[in-house]
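Listed here are the chains, written in short residue letters.
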Amino acid sequence: MLQLAQPEYLWLLALIPIMVFIYIFHLQKKKKALMRFGNVNTMSSLMPYVSKQRGWFKLILLCLALFFLSIGLSRPQIGATVREVKSRGVEVIIALDVSNSMLAQDFRPNRLERAKLAISRLVDKLKNDRIGLIVFAGDAYIQLPITVDYVSAKIFLSSISPDIVPKQGTAIGQAIALAMSSFSEQSERSRALIIITDGENHEDDAVAAAKEAYNQKIFVHTIGIGTPEGQPIPLSGGGMLKDKDGNIVVTRLDEKTLQEIAAAGHGNYTRASNADLGLDKIVEEIGQMDKQSLSSTVFQDFNEQYMYLFIICLFFLMAETFILEKKNKWSKSFDIFKTKNNV
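## Some details on the pattern of salt bridges
Across all of its chains, the model carries 10 salt bridges by this definition. Its salt-bridge partner being R130, residue E91 comes within 2.4 Å of it at the nearest N-O pair. One end of the pair, E91, is in strand β4 (residues 91-97); the other, R130, is in strand β5 (residues 130-136), and 39 residues separate them in sequence. Classification of E91 by relative accessible area gives buried; the value is 0%. A salt bridge links K154 to D124, with the nearest nitrogen and oxygen atoms 2.9 Å apart. Here K154 is found in helix α5 (residues 150-158), whereas its partner D124 is found in helix α4 (residues 111-125), with 30 residues between them in sequence. Relative accessible area serves as the criterion here: at 31%, K154 is assigned to the partly exposed category. Assessed through its relative accessible area of 51%, D124 is described here as exposed. Sharing partners across several salt bridges, the network here consists of D106, R111 and D198.

Take a look at the structure:
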């Protein structure tokens, strides 16, 4: 399979017809200049070393060099074979609250962005474990299925915002239920769910869901992000979120609920701070779990081919440099361009 990693560089190919047009314009201008001195055919005998063919040949070499440079910069890649990766590790699903309350700024720049940064750092530390992402507000959705593709995990993580879940609220129970159906059958004894939220659950019975998760051998950990004092929720257009009575809505950390969920799921509760979100502590606990053999089907990395095209480009540039438009005395005997009787 062939693909171009940066196809925008193919626009450089548009320079080739421009170069040809400029060269033709230059020849016409040069011809008009000669005609001011006399008949062109008569003057050609006075310029035995001038060659039209050499100029066109040099232009062709330049165009070929630009062609291979453009293709090389677009980074052609071949490969992408599917292969099975086997490892020993655990499966971790992170359920991230993306409700509007996560925009509160008691964490910098806000709760949601601070959580995304901590998750990104966690992904950088993973080696053999598999990770999945769930986002939830009033409903829960799979953002990334269980995978060992950490690059994709960070890409999907960066796109998370409150806008990706249309229904507002905090349905922690739905997130737990979705996670229970998202683990693979290979990880019966090595499953962990990490819930990152402010804990203001108004939608369902999250504690009962955590108990059911533990019955399926899933350990449920919770991280509380926010402060008990609370913060108002800023709006993208300015101002603060207000309720139907016009009062500013203040979102507070509900530690009691999160502690109950963690206890029901036989996991740990950690209160986040601006200095430490608390993921490292939970990851240490997960590291003590039994590792199981896990297999995943992934795409093998593409092989870059740009270096070969750059070598070809360099060859044509060197050839164009060493070929002169006028024949010198040293190369007079090698008249491959037949310069005589040509303008």
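## Some remarks on the sheet that holds strand β2 (residues 76-78)
Strand order in the open sheet formed by three strands is β1-β2-β13, and the pairing between neighbours is antiparallel. Looking at strand neighbours, the two that pair on one side only are β1 (2-4) and β13 (303-304), the edges of this open sheet. Pairing analysis gives two bridges linking β2 to β13, with the strands arranged antiparallel. Across the sheet, I78 pairs through a bridge with N303, a residue of β13.

## A closer look at the nonpolar core
Counting residues in each nonpolar core, the largest one holds 35 residues, and the members touching the most others are I94, L96, I119, I194, I196 and L277. It is α4 that provides the largest number of residues to this core, a total of six residues. Those residues in contact with L96 that lie beyond four places of it in its chain are M102, L112, A115, K116, I119, I134, V135, F136, I160 and I196. Core analysis: the second largest hydrophobic core is formed by 27 residues, A175, F183, L253 and A262 among them.

## Thoughts on the environment of L317
Inspection of the secondary structure puts L317 in helix α10 (residues 306-322). Sequence separation between L317 and L66 is 251 residues; the distance between their C-alpha atoms is 9.0 Å.

## Here's the deal with the pairing of β4
Burial analysis of β4 places seven of its seven residues in the buried class, which makes it a mostly covered element. Side chains E91, I93, A95 and D97 of β4 all project onto a buried face; the interleaved residues V92, I94 and L96 project onto the opposite face, where all are buried too. With seven bridges joining them, β4 and β5 adopt parallel strand pairing. Across the sheet, E91 pairs through a bridge with R130, a residue of β5. Taking the sense of rotation as the criterion, the β-α-β connection linking β4, α4 and β5 turns out right-handed. With six bridges joining them, β4 and strand β7 (residues 191-197) adopt parallel strand pairing. For I94, the partnering residue across the bridge sits in β7 and is I194.

## Topic: helix α7 (residues 206-215)
All buried positions along α7 are accounted for by A206, A209, A210 and A213. Along the axis of α7, the buried residues cluster in a sector spanning 100°; they form a single face. Looking at the buried positions of α7, the neighbouring elements they touch are α6 (172-180), β8 (218-224) and α8 (255-264). Measuring from the side-chain oxygen of the N-cap residue of α7 to the backbone nitrogen of V207 gives 3.3 Å; that N-cap residue is D205. At the C-terminal side of α7, K217 shows a positive phi close to 65°.

About the cut-offs
- Residues numbered from 1 in each chain as written.
- Predicted model: local features only at pLDDT ≥ 70, side-chain atom pairs only at ≥ 80, totals over all residues.
- Heavy atoms only, no water.
- Salt bridge = Lys/Arg side-chain N within 4 Å of Asp/Glu carboxyl O.
- Helix = DSSP H or I, 4+ residues; strand = E, 2+ residues; numbered from the N terminus.
- Buried < 20%, exposed > 50% of the residue type's maximum accessible area, 1.4 Å probe, protein only.
- Pairing = 2+ DSSP bridges.
- Core = buried A, V, L, I, M, F, W, Y, C linked by side-chain atoms within 4.5 Å.
- Contact = heavy atoms within 4.5 Å.
- Right-handed = clockwise from strand over helix to strand, strands pointing away.
- Arc of directions from axis to C-beta.
- Polar contact = N/O pair within 3.5 Å; in protein donor to acceptor, adjacent residues only side chain to side chain.

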